[in-house]
Structures are given as C-alpha cells and as structure tokens.
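Breakdown of the fold
Spelled out, the chains give:
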Amino acid sequence: SALFFVFLLSFSVISCYKMKPEFTKLASKSIRGKLTQMMVEVKTTDNVNTIKGFLKVITDMLHKLQSDQEKHRVISVKMMKQCTEENEFRKKEIEAAKDAQSRAVDARQKCQTSLEQSEKNLPQLESTLKTYEEELKRATEQREREHKEYLKKKDDYEEAIKFLAGFIEYVNEKFKGNFKAFSFVEYSEKLLKHASKLGRLADAVPALVTLAQNMPAHNKYTYTPAEEVAGKLKDALNNLLKRLRDDLKDVEEKERKAQEAFLEYKAKLDAIIAQLKENIEKTKKQIVAMKKCVAEEEAIINKAGAKLARNEKLKDSASKMCDNFAKEFIEATKNRLEEITTVQEVLVIIKKRFGELPADLVGYLETVKDGWIKYINSTEFIKFKEYEQKHIKSNEHGKELVTKNA
C-alpha cells in the first residue's frame, strides 16, 4: 500500500513536469491557441509555401497528439489498476479494523461484567467464610468444654468406683472380725460425698441407712457385726457399684457419640471453609484477570480505532488523487479530440482556398479521428468515466451526511 503512494507520487511528478505540455489543460489551450492562430493565418495568407508548412505542422501535431494520448493512456490504465487495488485494500483494512474494534468492544463488555460480578461476590464470599470459621471456632470450643467436663466426670466416677470396690473389699475382710467404728464413719462420709457429687445419693441411701442403723453407740472403736447386717451392706454397696459402672459406660458412650458428631460436623465445616477459600482465591484471580482483560481490550479498541481512522484517511486521500487522475485523463482525451476536430476545420479551410489536400494526410486524419471516437466509446474509457462518476456521487453523499450530522 505504501508503494501505491510512491506510485501516485511518481506519476504526479511525471504529469506535472516531464509531460506537462501534453497532460494539462494549459497545454491543451496552448495547442488550441496555435490552431486558432493557424486558422486565422490560413484565411489570410496566399503563400502556398506557408500552407505547406501548416500541413507539415498539422501532421506533426497529429503524430504528437497520438503519441501523447497513448503515453497518457498507458499511465492512466496503470494508475487505474493501482487505484482499484488500493481502494479494495483500504476497504479490507477498514473492515478489519471495524471488526477488530467491534469484537474488542464485546470482549471488553464481557470482561467488565465479569469483573463487576467478581468484585460484588468477593465481599460476600469473605463474609460467609468468616461466619463458618466463627462457627467452627464456637463448635470446637464447646466440644473442648464438653470434653473437659467429661474427663472430670469420668474421674469422679472412677474415683467413686475405686472407693466402692475398696469399701466392699474392706467389708469382706472384716466380715467376721471387729470393725472399727471410726472406719465406718469415715467410709460413710466418703460414700455420702461421692454419691452427692455423682447425683446418686438416692442409690446410696440403702448402704448409708444400713451403716447408720447398725453403728454401735456404746463402743466407738469396735463391734462385731451381724451376718445379716454385713450382707445387706454388701448388697447395697454392690448395687451402687453396678449403677455407677453403668453410669460411667453411659457417660463414655455419650462422649463417644458427641465426639463423632463433632468430628462429622467439623469435617463438613472444614469442607465448606476449604471450598470458600478456593472460591475466594479464584475470585481474586478472576478480578486480576478481568482487569487485565479490560485494559487489553481497551488497548485493542484504541489501536483498531487509530487503524480505522488512518485507513479511512488514506482511502480518502487516495480516492481524491485517483479522481484527479481520472478526471484529468478524461478531460485531456476529450480536449485532444476537440483539437483533432479543430485540425479538421483548418484543413477544410485550406481545401477551400487552395484545392485538394494530400490524400495521406486526409486519410491519416480520418483514421486518427475514428480511432479516437472508438476509444471514447470503448469499455476502457467508459470505466474511467464510471469511476469518476461513482466517486463524485460518493463524495457528494459524504458531504450530505456531514451536513446532516453537523
């Protein structure tokens, strides 16, 4: 495309300098002026030699017109081909720029929409993550408190069970001997303490009652228990021991289930938290990517806009230059035909005044004129005129649009 403008520039220089006498209106007027002067001289002169000189000048003039026209035609045909190619090239470049700009605008809008949605979603995701993390913290702290309570209760049960087992062993060992009164008092106090702590005071009452009813008042140190009393005491203690062991199993089972439920709940919360964190990270990356996308598409839009403006300007400039070439060639061709007609008029005058004209000159003139008329009616020349008319209408339409939009 750059070569096209070099091409136009070179032809412009050639047209203005090397071939200026042949290709410009000024030159045509100059030739017509010479012919007009010649016509006047032909009407006034009686010198045959002068007429012969005129005929030679006319012959040379016809040769030169033919030669100049052919040179001008060859250049104009090349120019027209280049103009058409340049016009098509610029149209494609303009369409490509418009297409790139349109696609970039659509892409930028999509990226902008995605960016706005991501920026809107991010605070919501972060808020939801915070809520679930706080819930996990709350559940974990609650589970820790419950487990701590469980361990304390377990210790209480194990201590009470150990005490009862020792108490029963003590009763078995002393079954046939003498009990120390103060030992009964001590065991009774410990039994009351353990039962109260575990909420099993009602279950400990039978053993406490048995101890109280059979405690000797006259001897605070020893007494010999009855077999029946010892049996009741062991039964009461064994019943209480069984109850405590069952309770401990219940406590341990509840703890196991509570721990399982917590771990299941924690696993769900951990999965949700992990998913939220992943979504937050993706959203942040999406925001960065969409900001980059918007910037890149904006750059493409600007670049495509610049390309569009540049090619429209180049297309317009080339069109004007090509219009001028086409117009110049059309006018030059018509002017040359008029000059040939003027030559014919001069020859008619010479013939009237001096008789017959050289047959070869008359024949040559007719051939030249016929050839010129055929060329003006030829497809090649018609294309030049159609090209000019098309661009004139296009330019007028453009001016009309500009006027309406102003």
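Residues numbered from 1 in each chain as written. Predicted model: local features only at pLDDT ≥ 70, side-chain atom pairs only at ≥ 80, totals over all residues. Heavy atoms only, no water.

**Quick word on the nonpolar core**
Across soluble globular proteins, nonpolar side chains show a tendency to be buried alongside one another. Ile58, Leu347 and Phe384 are the most contacted members of the largest nonpolar core, which totals 29 residues. Formed by 19 residues, the second largest nonpolar core is a distinct cluster that contains Phe163, Phe167, Leu241 and Val251. (Core = buried A, V, L, I, M, F, W, Y, C linked by side-chain atoms within 4.5 Å. Buried < 20%, exposed > 50% of the residue type's maximum accessible area, 1.4 Å probe, protein only.)

**A look at the environment of Val368**
Within the secondary structure layout, Val368 lies in helix α8 (residues 359-376). Residue classification places Val368 among the buried residues on the basis of a relative accessible area of 2%. Taking the C-alpha atoms as reference points, Val368 and Leu65, 303 residues apart in sequence, are found 9.4 Å from one another. Aside from chain neighbours lying at most four places away, what touches Val368 is Gln66 and Ile340. (Helix = DSSP H or I, 4+ residues; strand = E, 2+ residues; numbered from the N terminus. Contact = heavy atoms within 4.5 Å.)

**Quick notes on the state of the cysteines**
In this structure the tally under the stated criterion is two disulfides. A sulfur-sulfur distance of 1.8 Å marks the disulfide that ties Cys111 to Cys293. Looking along the S-S bond of the Cys111-Cys293 disulfide, the torsion reads about 55 degrees, which is the right-handed sense. With Cys111 in helix α4 (residues 48-173) and Cys293 in helix α7 (residues 227-354), the pair connects residues that are 182 residues apart, well separated along the chain. Note on Cys111: relative accessible area 8%, which makes it buried. For Cys293, a relative accessible area of 13% translates into the label buried. Each disulfide in the protein chain links cysteines that, numbered along the sequence, combine into the pattern 1-4, 2-3. (Disulfide = S-S within 2.5 Å.)

**So, the side chain of Lys369**
Relative to the helices and strands, Lys369 is located in helix α8. Apart from residues no more than four positions distant in its own chain, Lys369 is found in contact with Leu337, Ile340, Thr341 and Gln344.

**Regarding the packing of aromatic side chains**
Using the criterion set out here, one finds three aromatic pairs in the structure. Centre to centre, the rings of Phe329 and Tyr375 are 6.3 Å apart; their planes meet at 80 degrees, and the pair counts as edge-to-face. Residue Phe329 is located in helix α7, and its partner Tyr375 is located in helix α8; the two are separated by 46 residues in the primary sequence. Of the two residues, Phe329 and Tyr375, neither departs from the other in class, the shared state being buried. Taken together, the ring pairs connect Phe329, Tyr375 and Phe381 into an aromatic cluster. (Phe/Tyr/Trp six-rings, centres within 6.5 Å; stacked < 30°, edge-to-face > 60°.)

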